Amino acid sequence: MNRFIAINPNRCIACGTCRAECAEGHRNAGLLDEPRLALYESRDVVASVTCHHCSGAPCARVCPVDAITICDDGCVRVDEHVCIGCKLCAVTCPFGAIHMFGTPISGVAGTEYKTPTFPASTDPILQWEIGVYSAAVKCDLCEYDHGHPHCVDACLTNALRLVECDDDATEIEGKRLEAIKGNMVIVENFDQQQEHDKEGR
């Protein structure tokens, strides 16, 4: 069973701290300065969504250049230097946890005048900008820091939790399958988990 980050939307306050910490950490590691957490917003729920590192990894199966690999630890990672920005992985992901991001040809320190090349209502997957080379961006469980996700530590309300390989793998996989079928975010019952932890002590 692989590792992934579960979220409790009832605790998420949409402060964006996890996204800021994610982008900052990857920027310092020399990777794209972009949060690996997508933001889901509806009338009732606002929550961050991360890659579920699916066992079958449909995103890896459709990648035409093998830029997405499944590592020995079960983590599904994207090689930004190999990715050609075809967006097939983003379209295939059942959770909407992959998006595209790129740097203008002027470079990070260059001057850029934002001239819209698409309507503001255009879905992010369909957006494109002249002179920008895009690559797929998704959660890599902070591989650059030995797989210790910074977003979990940064969350002010403990809405994020790293689920490790454990004896509850069958139960977790069941939740994952239910979420895929219902096109939902994997949500952990944190309060029940805390009670379970107390009883085990």
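Throughout, residues of each chain are indexed from 1 in the direction in which the sequence is written. Restriction of local features to residues with pLDDT of at least 70 applies here, the model being predicted, together with a cutoff of 80 or more for giving and counting side-chain atom pairs; totals for whole chains, interfaces and linings are based on all residues. To get the side-chain values, all heavy atoms of the structure are used, and hydrogens and water are removed first.

Asks: Residue-level account of the overall build of the chain, with values.
Replies: Helical segments are the DSSP runs of H or I of at least four residues, strand segments are the runs of E of at least two, and each set is numbered from the N terminus. Scanning the chain from terminus to terminus reveals six helices and eight strands. Along the chain, from the amino end to the carboxyl end, the secondary structure elements read β-α-β-β-α-β-β-α-β-β-α-β-α-α. Whether a residue is buried, partly exposed or exposed follows from its accessible area with a 1.4 Å probe, protein chains only, as a fraction of its type maximum: under 20%, in between, or over 50%, in that order. Counting across all 201 residues of the chain, residues that qualify as buried make up 38%. By sequence separation, contacts in the chain at least 24 residues apart represent 69% of the contacts at least 6 residues apart. Summed over all atoms, the accessible surface of the chain reaches about 11,700 Å², with 52% contributed by carbon and sulfur. Here a residue-residue contact requires only that any non-hydrogen atoms of the pair lie within 4.5 Å. Here the open area of atoms and residues is found with the Shrake-Rupley method and a 1.4 Å probe, where only the protein chains shown may cover a residue.

Asks: Talk me through the side chain of Asp 140; I want residue IDs and the actual numbers.
Replies: Relative to the helices and strands, Asp 140 is located in the loop between β7 (132–137) and α4 (150–154). Here a polar contact means two N or O atoms within 3.5 Å. Within protein one must be a hydrogen donor candidate and the other an acceptor candidate, and residues neighboring in sequence count only if both atoms are side-chain atoms. Within the structure, Asp 140 has its side chain in polar contact with the backbone nitrogen of Cys 142 (distance 3.0 Å). Residue contacts for Asp 140: discarding those within four places in its chain leaves His 26, Leu 31, His 53, Cys 75 and Arg 77.

Asks: Just give me the short version of the confidence of the model for the chain, but keep the residues and values in it.
Replies: pLDDT measures how confident the predictor is about each residue, on a scale from 0 to 100. Averaged over every residue, the pLDDT of the chain is 76; the share at 70 or more is 67%. Under a pLDDT of 50 for its full length, residues 194–198 has, in the predicted model, one contact with residues more than four places off or in other chains.

Asks: Give a description of the pattern of salt bridges that names residues and reports values.
Replies: Pairs can form between side chains of opposite charge whenever their charged atoms are close. For this analysis, a salt bridge means a side-chain nitrogen from Lys or Arg found within 4 Å of a carboxyl oxygen belonging to Asp or Glu. By the definition in use, this model includes five salt bridges. Note that Asp 44 and Arg 43 form a salt bridge whose closest N and O atoms lie 3.8 Å from each other. For the pair Asp 44 and Arg 43, a shared accessibility class is recorded, and that class is exposed. Residue Arg 77 pairs with Glu 143 through a salt bridge whose shortest N-O separation is 3.4 Å. Taken as a pair, Arg 77 in strand β5 (residues 76–78) and Glu 143 in the loop between β7 and α4 lie far apart in primary sequence, 66 residues in all. Looking at Arg 77, the relative accessible area reads 10%, which means it is buried. Its relative accessible area of 43% is what places Glu 143 among the partly exposed residues.

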